[in-house]
Structures are given as C-alpha cells and as structure tokens.
Amino acid sequence: MRAVTWQGKRDVRVENVPDPQLQEPTDAIVRVTSTGLCGSDLHLYEVLTPFMTPGDILGHEPIGIVEEVGAGVPDLQAGDRVVVPFQIACGNCWMCLTGLQTQCETTQVTGEGMGAALFGYTRLYGAVPGAQAEYLRVPQAQYGPIKIPEGPPDDRFVYLSDVLPTAWQAVRYADIPEGGSIAVLGLGPIGDMACRVAQAQGAGRVFGVDLVPERLERARERGVETFDLRSFHNEKELVAAIRDETDGRGPDAVIDAVGTEAHGSAAARLAQQASAMLPRKLSGPLAERFSVDRLAALYTAIDLVRRGGTISLSGVYGGTADPLPMLTLFDKQIQIRMGQANVRRWTDDILPYLTDDDPLGVDDFATHRVPLSDAPHAYEMFQRKQEGAVKVLMKP
C-alpha cells in the first residue's frame, strides 16, 4: 500500500509499504477513505525528530471502511463505516472506565513511561503505524472505532478522530462559567474548533488570538472577537487589550491551542533546532532529560487569565526542563488542566452536533482536500501557514 513516511526533519515521503495484517484477535483492518493532517503532526516534522525512526508511518485522524476483523471484535464487520480515535484504548481497564482513555492501562507504553499508545506518534507512544495510508491496522478494535452512518460525506465525521474531542475537552477543562468569557490562543484547527464549541456551550464572549490573516478571518466570521498579534508591540499590549474588554480582570479561562512551537520563544526555538540536528543516538537521550518548549503562548495565558481562572492546555508540549512562573501561578490561584483528549469519553456528547444543520461548521471546516500523493507539499504548506491552510484532509 501507499503511506506517508517520516524520513527526517522536514522530510516526509509517500512510499510503498507492506499492507497491514491482523496480528491479534482484537485487531481490525480499515481501508482509509479520508485522513487528516494535524498540527501535532508538524511537531514530528520539526521538533520531536529525536523520537522518530526513518520509515515511521504518520497520521492519526482516519475515517474509513472496515475490511477485516479479528475473532475478538464482535460488534464490527466488513463494510462498516468507522472513525478511528487517535489513541488506542481497551475500554475495560480502570483508566478507561474512569474516562481517561489516553491513560489506558492495557496499551500504556510503560517502557517509555508514557500513557496510551497513539497512532503514528513516535516511539514514546508505541511506534504504531499511522493513518496517513491506504490501510490501517486498528488494535483494540473491540472498543476504539466509532460506527457512523452511511450518507453524509467524510467531512461530517472525520473530526471525531481528534479535532472535535480535543476541542471539546479543551473547553470542558476550561470550566467557563455560564455566560462567561474565554480567550483562545492559536486559531489553527483545534483553536478554531474550540471557539465554536465554546460558543455552542454558552460562553458569553469568545476572544481569539492569532497572527495568520486567514485564520483570524475564519474565526471572525463565526462571531469570535479576534486579536491580531501583529497589531501589538509585545505580549503585554495584547493582554492589556483583552483585559480592557473584561472589566480589567482578564477572561475567566484561557485555552492554549498553540503548544511547543509558539512564536516569540527564540532561545527555546534554537535549542529545539539544535537538538533536531544532532545524531539520533545523542538527540533522543538529550531530549528526554533536558528538552524545552517554546513557552510564549503559555506565559501569555498565565498573564492573561483572571485571578482564580482556569488555563486549559490542548497544544502539545514535550519539554522536560521548562521554567514556569510558579509565584504567579500560585499568587493568582490559577487552575491548569491539560492532556491528550480522551476521545471516547466525549464522542456521545459530540455526535448530536453532527447533523445536517451543522452547528459546528464541520462540513466545510477543511480548507484543503488533497490526494495522499500530495502529502509532502501539504506538510510544507501547513507548516509554513501558506495558501490559507487551516485544515488539510488527504484522500488515499
């Protein structure tokens, strides 16, 4: 089959690889009909290269048709249309039953000290072949895949794999008071969708911050009060402008949908780039012990949120030696919640929004739809924020 493979920093290629086979009774094989390019895939493209191996198959946002199932998958059959969550969870362990599927005790990558295995996301998360491919082996298929109806286009449901539950969890973790205010830092796919979810769940005012004109315009068209980073000399001016809109206090909650590759973190960016250029035998251990994130967005969130407010982190962070302003966090009584989305915890809540009325705007959420063969260009375009790219779907 054809699949998108990682070959090095900023080097992805579409190659022929062996077709996946059933390996366990709880496996299924899915023929992928659409698959997303996620902002966290760009971290593998640029920053998390010490944890990658040439030939790794990328991607974790698939929708498709079941081709084959193992004997331990009673509720799926060939021909079923399914969305596959980005994490692999069993549904039966204590963590899954508690609603913490990304901490699944069956699939935890204990050798790396990490949580549940993820599709296409480094050796830290199991080095499981990913979903930017024609076919996908789905472990724990007795629980993970979400059956969806025939009829509507893939765009209606594909975001159940990641974008929708990640945005939904970000908003739930933000704990916005009824009619309260929230600022979303970063209006890429997750930040954009988080704004929509916050509006749907009753937020009184939603502020969005970015510096890409197309992203700001998309959010503005849906009623988000947008702030263009380029209009301010520094972060303090931005914070002051949003505080002026919230009686001088700041918003009740802030979602950081940017993560480790934030703009305005020059020293950390140099450290990330230097680590990525080292030989893999050196860069892996170094990154595991001394890696740092670009923390400009998180620092802004800490400064911006009102006293006693909540910061919700949905942007991926991977640093192990990050400096944090603990005095400010403690003094302001800031609550912080974070983590990979627990997909199956939220999907039953989200499905009623995926109707013909399309209140979340999923049917036209993608800005680009390209064949799988165009993946190298799609990665470059998305990473450089060119051609108005906000969300890219690929068709195998």
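Residues numbered from 1 in each chain as written. Predicted model: local features only at pLDDT ≥ 70, side-chain atom pairs only at ≥ 80, totals over all residues. Heavy atoms only, no water.

## Structural notes on the overall build of the protein chain
For the record, the criterion: Note on conventions: DSSP H or I runs of at least 4 residues are helices, E runs of at least 2 residues are strands, and numbering of each starts at the N terminus. Two things to know: the radius of gyration comes from C-alpha atoms, and the globule rule equals 2.2 Å times the number of residues to the power 0.38. Accessible area is worked out with a 1.4 Å probe on protein chains only. A residue is then buried under 20% of its type maximum, exposed over 50%, and partly exposed in between. For this analysis, residues touch if any pair of their heavy atoms sits within 4.5 Å. With residues, only the protein chains shown are counted as cover, and all accessible areas are computed by Shrake-Rupley using a 1.4 Å probe.
The number of helices and strands found in the protein chain is 13 helices and 16 strands. A compact globule built from 396 residues would reach a C-alpha radius of gyration of about 21 Å, and the protein chain, at 20 Å, matches this within 12%. Taking the principal axes of the C-alpha coordinates as reference, the protein chain spans close to 60 × 50 × 45 Å. By the burial criterion, 57% of the 396 residues in the protein chain qualify as buried. Sequence separation of 24 or more characterises 73% of the internal contacts of the protein chain that already satisfy a separation of 6 or more. For the protein chain, the exposed area adds up to about 16,300 Å²; of that, 50% sits on carbon and sulfur atoms.

## Section: the domain arrangement of the protein chain
Convention followed: An automatic or database domain assignment supplies the start and end points of every domain. Two parts placed together each lose some accessible area under a 1.4 Å probe, and the buried area is that loss summed for both. Only one rule defines a salt bridge in this text: a Lys or Arg side-chain nitrogen within 4 Å of an Asp or Glu carboxyl oxygen. Two N or O atoms form a polar contact when they lie within 3.5 Å of each other; inside protein one atom must be a possible hydrogen donor and the other a possible acceptor, and for residues adjacent in sequence the pair counts only when both atoms belong to side chains.
Along its sequence, the protein chain is organised into domain 1 (2-162 + 342-394) and domain 2 (164-338). Listed by partner, the interface residues are 41 residues for domain 1 and 35 residues for domain 2. Interface area for domain 1 against domain 2, summed over the two sides, is near 3,300 Å², with a carbon-plus-sulfur share of 61%. Counting the contacts that link domain 1 with domain 2 gives zero salt bridges. Here domain 1 is connected to domain 2 by ten residue pairs in polar contact (both at pLDDT 80 or more). Looking at which element gives the most residues to the side of domain 1 that touches domain 2, the answer is helix α12 (residues 343-350), with five residues.

## What about the pattern of salt bridges?
Summed over all chains, the structure comprises 24 salt bridges. Notably, a salt bridge pairs Lys9 with Glu46, separated by 3.8 Å at the nearest N-O pair. With Lys9 in the loop between β1 (2-8) and β2 (11-16) and Glu46 in helix α1 (residues 39-46), the pair connects residues that are 37 residues apart, well separated along the chain. Relative accessible area serves as the criterion here: at 28%, Lys9 is assigned to the partly exposed category.

## Concerning the sheet that holds strand β11 (residues 225-228)
Worth spelling out the cut-off: If DSSP finds at least two bridges between two strands, the strands pair. Here an angle of 0 to 180 degrees is reported between the N-to-C directions of two axes, which are lines fitted to C-alpha atoms, with helices fitted over the stretch in contact.
Spatial strand order, β11-β10-β9-β12-β13-β14: six strands in an open sheet with parallel pairing. Two strands bound the open sheet, and with one partner strand each, they are β11 and β14 (335-338). Ignoring strand direction, the axes of neighbouring strands in this sheet form an average angle of 20°. Where strand β13 (residues 310-313) and β14 come together, four bridges link them in parallel fashion. The residue bridging Ile311 from the neighbouring strand is Ile336, located in β14.

## Some remarks on the sheet that holds β1
Strand order across the open sheet formed by three strands is β2-β1-β4, with antiparallel pairing between neighbours. Only two strands of the sheet have a single neighbouring strand rather than two, namely β2 and β4 (56-57). As paired strands, β1 and β2 are joined by six bridges and run antiparallel to one another. Bridging across to β2, Trp6 finds its partner in Val12.

## Regarding the confidence of the model for the protein chain
Spelled out, the test is: pLDDT expresses, on a scale from 0 to 100, how confident the predictor is about each individual residue.
Of the residues in the protein chain, 90% have a pLDDT of 70 or more, and the chain-wide mean is 91. The low-confidence segment residues 262-275 (pLDDT under 50) makes 25 contacts with residues lying over four places distant or belonging to another chain. This stretch, residues 286-291, has a pLDDT under 50; its non-local contacts, to residues over four places away or in other chains, come to 19 contacts.

## A short note on the nonpolar core
Soluble, globular proteins show a tendency: their nonpolar side chains are buried together. Convention followed: Joining through side-chain atoms within 4.5 Å is the link that ties buried Ala, Val, Leu, Ile, Met, Phe, Trp, Tyr and Cys residues into a set, and such a set is a nonpolar core.
With 72 residues, the main nonpolar core has Tyr159, Leu160, Leu164, Ile182, Met193 and Ile255 as its most contacted residues. When residues are assigned to domains, this core turns out to be shared by domain 1 (2-162 + 342-394) and domain 2 (164-338), each giving three or more. Other than its neighbours up to four places away in sequence, Tyr159 contacts Leu164, Pro165, Val362, Phe365, Ala366, Lys391 and Leu393. By size, the runner-up hydrophobic cluster in this structure holds 21 residues, among which are Val209, Ile242, Val254 and Ile311.

## Some words on the packing of α1 against helix α13 (residues 375-383)
We apply this condition: Should an angle lie under 35 degrees it is considered roughly parallel, over 145 roughly antiparallel, and from 65 to 115 roughly perpendicular; all remaining angles are considered oblique. Under this grouping Gly is polar, as are all residues other than the nonpolar Ala, Val, Leu, Ile, Met, Phe, Trp, Tyr, Cys and Pro and the charged Asp, Glu, Lys and Arg.
Two numbers describe how α1 lies on α13: the axes approach to 10 Å, and their chain directions differ by 100°. Considered as vectors, α1 and α13 are oriented roughly perpendicular to each other. Mapping the contact onto sequence places Gly39, Asp41, Leu42, Tyr45 and Glu46 in α1 and Tyr379, Glu380, Phe382 and Gln383 in α13. Broken down by class, the residue content of the contact of α1 with α13 amounts to four nonpolar, two polar and three charged.

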